[in-house]
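Secondary and tertiary structure notes
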Amino acid sequence: MRVSRRLLVATLAAALTVIVLLTVGKSAVTIPGLWQASVQHTRTFRWVPFGDFFRYSHPLIPLYYLLGNVALFVPLGYVLRHRLALRTTVAAGALTSALVEASQFIFALGYTDLNDILNNTLGTALGAAAFHLFGPRRWAHAMILASPLAVLSLYALFSLVDV
């Protein structure tokens, strides 16, 4: 079954929109208990992998960041794998993540973090693996596209928890 070009483009556009909103757009949105918009206006490098993993006040916070960054890029990997080889798909995910991190640094829109690049690249690889498992089925598009929405739901739920 071949997926239409229109569906691929729409899915890719939706995935990239969610990526931009939840990365570069963090400086405009506050989610209580998770991040403050005012704190995101910074130029900070965090280059030690998982070096700040235990600095948070609650043990669930780094887990949300890790899972959120992975899930955020799953749709990108799934959609790109329709047309690109596995290595090219993963490289495109890593490049997209690096561009997001560079944008955050250049425009002082958040923390530039090696963890984000690693986790986003893992998410892209998992999306490509999902394509390998499920193929180009329409229901799979819906499920894969829902992963960042699940992250948003977890963030919303997390904002209700007192940490």
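As a starting point, this report considers the structure included with it. (Residues numbered from 1 in each chain as written. Predicted model: local features only at pLDDT ≥ 70, side-chain atom pairs only at ≥ 80, totals over all residues. Heavy atoms only, no water.)

Quick look at the overall build of the protein
To be explicit about the condition: Helix and strand definitions here come from DSSP, where helices need a minimum of 4 consecutive H or I residues and strands a minimum of 2 consecutive E residues; each element is numbered from the N-terminal end. Each residue's exposure class comes from its accessible area (1.4 Å probe, protein chains only) as a fraction of the maximum for that residue type: buried when under 20%, exposed when over 50%, partly exposed otherwise. Working rule for contacts: check all heavy atoms of both residues, and any pair within 4.5 Å makes them a contact. Only the protein chains shown count as cover for residues, with accessible areas throughout obtained via the Shrake-Rupley method and a probe of 1.4 Å.
A count of helices and strands for the protein gives five helices and two strands. Counting from the amino terminus, helix and strand elements in the protein follow one another as α-β-α-α-β-α-α. Out of the 163 residues in the protein, the part that is buried amounts to 43%. A sequence separation of at least 24 residues applies to 77% of the contacts in the protein between residues at least 6 apart. Accessible surface computed for the protein: about 8800 Å², of which carbon and sulfur atoms make up 70%.

Notes on the side chain of Glu101
Relative to the elements of secondary structure, Glu101 occurs in helix H3 (residues 86-106). Judged by its relative accessible area of 2%, Glu101 is buried. Apart from residues no more than four positions distant in its own chain, Glu101 is found in contact with Tyr111, Thr112, Asp113, Asp116 and Ile117.

Describing the environment of His132
Looking at where His132 falls in the secondary structure, it is placed in helix H4 (residues 114-134). The exposure class assigned to His132 is exposed, which follows from its relative accessible area of 68%. In this structure, the C-alpha to C-alpha distance between His132 and Leu86, residues 46 residues apart in sequence, is 9.6 Å.

Digging into the packing of helix H1 (residues 5-23) against helix H2 (residues 60-81)
Rules: Where helices are involved, their axes are fitted lines through C-alpha atoms of the stretch in contact, as for all axes, and angles between N-to-C directions lie from 0 to 180°. Comment on the angle field: the value is read as roughly parallel under 35 degrees, roughly antiparallel over 145, roughly perpendicular from 65 to 115, and oblique elsewhere. Rotating anticlockwise by less than a right angle from the far helix to the near helix defines a left-handed crossing, while the corresponding clockwise rotation defines a right-handed one. Only Asp, Glu, Lys and Arg are considered charged in this grouping, and only Ala, Val, Leu, Ile, Met, Phe, Trp, Tyr, Cys and Pro are considered nonpolar; every other residue, Gly among them, is considered polar.
Between H1 and H2, the least distance of the axes is 9 Å, while the angle of their chain directions is 155°. Considering their axes alone, H1 and H2 lie roughly antiparallel with respect to each other. Considering only the axes of H1 and H2, their crossing is left-handed. Between H1 and H2, the contacting residues are Leu8, Thr11, Leu12, Ala15, Leu16, Val18, Ile19, Leu22 and Thr23 on the first element and Leu72, Phe73, Pro75, Leu76, Val79 and Leu80 on the second. Among the residues making up the contact of H1 with H2, the classes are represented as 13 nonpolar, two polar and no charged.

The values are spatial; any link to function lies outside them.
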